[in-house]
Amino acid sequence: MIGRKKVFFISTLSAAIFSVLSGLAPGFYCFAFFRVIIAFFNAGVILSSFTLCMEITGISQRTFAGLAIHAFFAVGCLVFAVMAYLIRDWRTLSVITGLTGFLFLFLWRVVPESPRWLLIQGRGEEAREVLDRLARGNGTQLPAAELKKPLSTGGEKVSMLDLFRGRSIRQRTVVLVISWFTNCVVYYGLAMSAGSLGGNRYISFSLSGLVDIPALVVTLLFLDRVGRKWIHGGFLFVGGFGCIACTVVQLLGASGSLKVIAALIGKFAVAGSFATAHLYTAELFPTQVRSLGTGVASIGARVGGILSPLVLLLASTSAILPMLLMGALALLTGLLSLTLPETLNKPLPETLTDLES
């Protein structure tokens, strides 16, 4: 393990490089290869940044910090829609979006390493330096006795198998992988179908991204009141019903605008569910395996992202099949997610022993 900070910067710069290269690709297969590499490194960007954010944020601000990341993702979708409208040449668009990634080089000295990760690795002095810096930024001072008993496991190595050894960690891992898979299938399925729902494709895509912002606001307002479990499961239920509503509208032969509204309701709910899933996952996994566990859950999401366009292709068999399948999947996963424990206002677990004891 090399830490959250290094993974974030390596992944960001690598994704930027291959984005530029994809715009210069001489043929389709080369372009497709570069896009696969970009997806690989983008997963590293998302996971490392979110894990780092959770591990340097206190309990009282954890919800806001976690959802703020998704708010910028939604803003990015809107900005990209505008860029795509103004820059119709896909090569130029790919190069320009890639070049923006190099701006993160200026943040190397600003972004800290996770003090929790440093403590788990037995690097207490470095963790104290990070915490002192954060304390000074908050206008306070770190108490001398704060790190009297470091949270160290002696740098014990963990593997993916450790996520399935104990009963509690196994149940959390399986449910979260399924949850991330479903969220990704439905989220990107609805996003990619935006252009085919009727109307201008740029406006439809913009609305699909814009609806994420009110979803995050609603999530922020209720997540610390209702709890992670019920918000996550409830949004999946609403997203499932939104997809099924699209099917009903299509069967009734109603106007295309009603189908767009139903799809946006589904996208709104799944955006809230997906945002909650990131925060919920970070709180359910202990520090010792948090990055690893989030990565395994993300594998489910990546598989879902791969399958989501294939789900949409089922429309060639039956026009109602994609939305019906996504709706049923969201409803079943929402029910399954209710078996997870609540994490609201609870400290982050540090080790696998803490979780199983």
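Residues numbered from 1 in each chain as written. Predicted model: local features only at pLDDT ≥ 70, side-chain atom pairs only at ≥ 80, totals over all residues. Heavy atoms only, no water.

Undergrad: Could you clarify how one ought to interpret a nonpolar patch on the surface in this entry?
TA: A cluster of nonpolar side chains, Met160, Phe164, Val174, Ile178, Ile299, Val303, Ile306, Leu307, Leu310, Leu313 and Leu336, forms an exposed patch at the surface whose accessible area comes to about 910 Å². Only helix 7 (167-192) and helix 12 (290-312) provide two or more residues apiece to the nonpolar patch. With respect to the element layout, Phe164 can be found in the loop between helix 6 (124-137) and helix 7. Look at Phe164 and you get partly exposed, because its relative accessible area is 35%. (Patch = residues over 30% accessible without salt bridge, like charges linked within 9 Å, V, L, I, M, F, W, Y side chains within 5 Å. Areas by Shrake-Rupley, 256 points an atom, 1.4 Å probe, with all protein chains shown as cover. Salt bridge = Lys/Arg side-chain N within 4 Å of Asp/Glu carboxyl O. Helix = DSSP H or I, 4+ residues; strand = E, 2+ residues; numbered from the N terminus. Buried < 20%, exposed > 50% of the residue type's maximum accessible area, 1.4 Å probe, protein only.)

Undergrad: What am I meant to see in the packing of helix 8 (residues 201-210) against helix 9 (residues 212-226) here?
TA: To characterise two packed helices, one gives the angle between the axes of the helices and the distance between these axes. Between helix 8 and helix 9, whose axes approach to 5 Å, the crossing angle comes to 10 degrees. It follows that helix 8 is roughly parallel to helix 9 by the angle criterion. Along its contact with helix 8, which presents Ser208, Gly209 and Leu210, the element helix 9 presents Asp212, Ile213 and Pro214. Broken down by class, the residue content of the contact of helix 8 with helix 9 amounts to three nonpolar, two polar and one charged. (Axes fitted to C-alpha atoms, helices over the stretch in contact; angles between N-to-C directions. Parallel < 35°, antiparallel > 145°, perpendicular 65-115°, else oblique. Contact = heavy atoms within 4.5 Å. Nonpolar A, V, L, I, M, F, W, Y, C, P; charged D, E, K, R; others polar.)

Undergrad: Is there a simple way to think about the nonpolar core in this case?
TA: Side chains of nonpolar character tend, in soluble globular proteins, to be buried together. Within the largest apolar cluster, 34 residues are counted, with the highest numbers of intra-cluster contacts made by Ile169, Trp180, Val186, Leu190 and Met326. Where this core is concerned, the elements lending two or more residues are helix 7, helix 10 (228-252), helix 11 (256-284), helix 12, helix 13 (321-337) and helix 14 (352-356). Per-element accounting of this core gives the leading share, nine residues, to helix 7. With 13 residues, the next largest nonpolar core counts Cys53, Met54, Leu216 and Leu223 among its residues. (Core = buried A, V, L, I, M, F, W, Y, C linked by side-chain atoms within 4.5 Å.)

Undergrad: Help me understand the pattern of salt bridges in this model?
TA: Oppositely charged side chains can form a pair if their charged atoms are brought close together. Evaluation of the coordinates by the stated rule reveals seven salt bridges. Arg4 is the partner of Glu55 in a salt bridge, and the nearest nitrogen-oxygen pair spans 2.7 Å. One end of the pair, Glu55, is in helix 2 (residues 28-55); the other, Arg4, is in helix 1 (residues 4-23), and 51 residues separate them in sequence. Residues Glu55 and Arg4 agree in their burial class; the two are buried. In this structure, Arg290 and Glu55 form a salt bridge, with 2.9 Å as the shortest nitrogen-oxygen distance. Of this pair, Arg290 sits in helix 12 while Glu55 sits in helix 2, placing them 235 residues apart in sequence. Owing to a relative accessible area of 0%, Arg290 belongs among the buried residues under this scheme. The exposure class of Glu55 is buried, given its relative accessible area of 3%. Overlapping salt bridges, with partners in common, bring together Arg4, Glu55 and Arg290 in one network.

Undergrad: What is the right way to read the side chain of Lys229 from this model?
TA: Relative to the elements of secondary structure, Lys229 occurs in helix 10. Here Lys229 occupies a buried position and makes no salt bridge, while the nearest side chain of opposite charge, Glu342, is found at 6.1 Å. With near-sequence residues (within four places) excluded, Lys229 lies in contact with Tyr280, Ser337, Leu338, Leu340 and Glu342. (Lys, Arg positive; Asp, Glu negative; His and termini not counted.)

Undergrad: Whenever I open this one, the environment of Phe237 confuses me. Can you help?
TA: In this structure, Phe237 sits in helix 10. Owing to a relative accessible area of 25%, Phe237 belongs among the partly exposed residues under this scheme. Along the backbone, Phe237 and Ala68 are 169 residues apart, and their C-alpha atoms lie at a distance of 23 Å. Beyond its immediate sequence surroundings of up to four residues, Phe237 is in contact with Leu331, Gly334, Leu335 and Leu338.

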